[in-house]
Amino acid sequence: MKKLWKNCHIATMQDGQYSSIEHAAMVTSGQHIHWVGALKDLPADDYSEIIDLNGAWVTPGLIDCHTHSVFGGNRSIEFEKRLQGVSYAEIAASGGGIASTVRATRQASEEQLLASALKRIRSLLKDGVTTIEIKSGYGLDYANERKMLRVIRQIAETLPMTVRATCLAAHALPPEYQDRSDAYIEHICNEMLPKLHQEGLVDAVDAFCEYLAFSPAQVERLFKTAQSLNLPIKLHAEQLSSLGGSSLAARYQALSADHLEFMTEDDVKAMAVAGTVAVLLPGAFYFLRETKYPPLDSLHQHGVRIALSSDLNPGTSPALSLRLMMNMGSTLFRLTPEQTLAAVTIHAAHALGLQSTHGSLEQGKVADFIAWDIEHPSEIVYWLGGDLPKRIIQHGTEISI
Ligand code: NIG
Ligand code: FE
């Protein structure tokens with residue numbers, strides 16, 4: 001049963017970067033892409049359905065490769081404090097920040113967490129996101145990390161999206177382990193992670209490598225465990241200070257290192273050699289009023305793939321639109337619209353290890369795509385927020401939004 005999608009232009013992202021075909025067509029077969037090319041080259045075939053896309057520009061479904069979209073409560077009060085001049089680190093040191101979301105998340109039931117997360121994630125879906133990564137990290141003990149990860153699996157069953165679950169138990173020190181951070185890392189490595197993995201709840205492992213969270217030595221201990229479990233690695237690194245976490249991540253062949261404002265040239269080189277993706281998070285940069293920029297020229301010069309993501313979380317980036325993040329990424333980090341589109345499609349797919357199935361429109365890949373009612377692909381990056389008219393196709397089927 002082949003469907004022909006015609007009367008469109010396609011930004012395919014094939015060959016790992018922005019590329020496009022005007023006056024194009026696509027053929028899908030079940031959940032996959034059977035053929036993509038110029039309409040004039042369309043092979044003759046029997047199609048069960050022919051869909052007119054009315055001159056739309058088609059892109060791969062957007063991929064939000066770094067979110068903390070499952071959490072209890074929110075931190076709008078803390079936001080007000082920060083506007084009065086109290087820093088993120090000061091709020092964390094006085095028991096607020098991540099710790100306050102941990103308290104709210106522990107109190108919430110699975111049903112409550114699912115209901116609140118679905119509202120947020122639906123707005124990303126309506127914005128064109130068909131693949132999302134979601135981290136745990138507000139439970140910080142076995143039962144509550146498990147609760148978060150189970151909710152993430154339920155999101156995958158509820159929404160027409162591909163969902164990847166990342167275990168971020170090493171996000172912050174739970175109160176039970178005050179002044180015993182090595183013991184908490186041992187607990188994650190010996191108990192929590194192996195059990196959660198065995199239950200099929202974990203697709204990747206992440207940690208927060210920062211002076212107010214975990215040291216590179218502690219992160220390395222966790223990476224060794226992840227490696228022994230055959231789990232891919234990601235890392236929050238160089239967000240507030242330079243600890244060399246991104247070089248460490250590269251040494252362990254991490255899929256991505258994320259944030260990176262304080263990374264050095266040596267970190268960039270290490271990531272380039274390892275093929276580790278740099279995930280930049282303009283929402284957190286903006287929301288924390290950061291002034292130190294990631295080393296953009298150096299990242300480009302060394303050929304490191306750059307992805308962009310919402311970092312949707314209650315403390316540093318309550319971002320409900322990936323398109324808005326694309327505009328901010330382009331404006332703040334001087335990415336061209338073409339680089340920005342690659343950053344939320346093929347490069348974001350690499351950041352999740354999904355590059356062989358997602359992130360570009362090529363024969364054999366999953367048929368996740370957006371048909372945008374726009375004149376030119378740069379409009380996807382240009383408009384600030386709002387609802388850009390579109391049709392969303394997931395696994396070869398149009399979904400109603
Ligand atoms: O990606 N940096 C650490 N983790 C999140 C923030 C989490 C929070 O403040 O709740 C981030 O910015
Ligand atoms: Fe994050």
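In this text the structure is predicted, and so the values were computed from the model without any measurement. (Residues numbered from 1 in each chain as written. Chains lettered and ligands numbered in written order. Predicted model: local features only at pLDDT ≥ 70, side-chain atom pairs only at ≥ 80, totals over all residues. Heavy atoms only, no water.)

**Q** Just to check I follow, could you spell out the UniProt feature "domain: Amidohydrolase-related" (unreviewed entry) in the protein for this structure?
**A** Feature annotation in UniProt assigns "domain: Amidohydrolase-related" (unreviewed entry) to the following positions: residues 57-377. Secondary structure across residues 57-377 divides into 45% helix and 15% strand, with the first and last C-alpha atoms of the span separated by 7 Å. (UniProt positions renumbered as here; feature names shortened; annotations may be inferred. Helix = DSSP H or I, 4+ residues; strand = E, 2+ residues; numbered from the N terminus.)

**Q** Would you take a moment to explain empty space enclosed by the protein for this structure?
**A** The gaps left among the atoms become clear once a water-sized probe is rolled over them. According to the stated counting rule, one finds five cavities of 30 Å³ or more in the structure shown. Lining the largest cavity are 13 residues, and of these H68, Y88, H171, N313 and T316 sit closest to its centre. For the lining of the largest cavity, the per-class residue count stands at four nonpolar, seven polar and two charged. Its boundaries defined by the atoms lining it, the second largest cavity holds a volume of some 50 Å³. Along the walls of the second largest cavity sit E133, R164, T166, D203, A204, P232, K234, L255 and L352, which together make up its complete lining. Of the residues assigned to the lining of the second largest cavity, the class counts are four nonpolar, one polar and four charged. (1 Å grid on protein atoms, 1.4 Å probe; cavity = no way out; pocket = protein on both sides within 12 Å on 5 of 7 lines; lining within 4 Å. Points joined across faces, edges and corners; volume = space filled by probe spheres on them. Nonpolar A, V, L, I, M, F, W, Y, C, P; charged D, E, K, R; others polar.)

**Q** Help me out: how do you make sense of the nonpolar core in this one?
**A** Within soluble globular proteins, side chains that are nonpolar tend to cluster in buried spots. Counting 101 residues, the largest nonpolar core has V70, I155, I188 and V202 as its most contacted members. Of the residues that make up this core, three or more belong to each of domain 1 (2-60 + 361-399) and domain 2 (62-231 + 319-351). Residues W5, I33, V36 and F369 belong to the second largest nonpolar core, which totals 16 residues. (Core = buried A, V, L, I, M, F, W, Y, C linked by side-chain atoms within 4.5 Å. Buried < 20%, exposed > 50% of the residue type's maximum accessible area, 1.4 Å probe, protein only. Domains from an automatic or database assignment.)

**Q** Explanation requested: the layout of surface pockets in the structure shown.
**A** The calculated volume of the largest pocket comes to roughly 560 Å³. As for the largest pocket, its lining consists of 23 residues, and the residues nearest its centre are A92, A99, A172, L173 and L212. Only α2 (88-93) and α3 (98-107) provide two or more residues apiece to the lining of the largest pocket. Grouping the constituent residues of the lining of the largest pocket by class yields 16 nonpolar, four polar and three charged. Of all the elements in the fold, those that place two or more residues in the lining of the second largest pocket are α11 (296-301) and α13 (337-343). Looking at the lining of the second largest pocket residue by residue, the classes come out as six nonpolar, six polar and two charged. Both domains that furnish three or more residues to the lining of the second largest pocket are identified here as domain 1 (2-60 + 361-399) and domain 2 (62-231 + 319-351).

**Q** Looking at this model, I keep getting lost on the domain arrangement of the protein. Mind explaining?
**A** Accessible area lost when the parts come together is the quantity often used to give the size of an interface. Once the domains are mapped, the protein shows domain 1 (2-60 + 361-399) and domain 2 (62-231 + 319-351). For domain 1 versus domain 2, the separation of C-alpha centres amounts to 31 Å. Counting residues at the interface gives 26 residues for domain 1, matched by 23 residues for domain 2. In this assembly, domain 1 packs against domain 2 so that about 1,900 Å² is buried in total across both faces, 66% of it on carbon and sulfur atoms. The interface formed by domain 1 and domain 2 holds zero salt bridges in total. (Contact = heavy atoms within 4.5 Å. Buried area = accessible area lost by both parts, 1.4 Å probe. Salt bridge = Lys/Arg side-chain N within 4 Å of Asp/Glu carboxyl O.)

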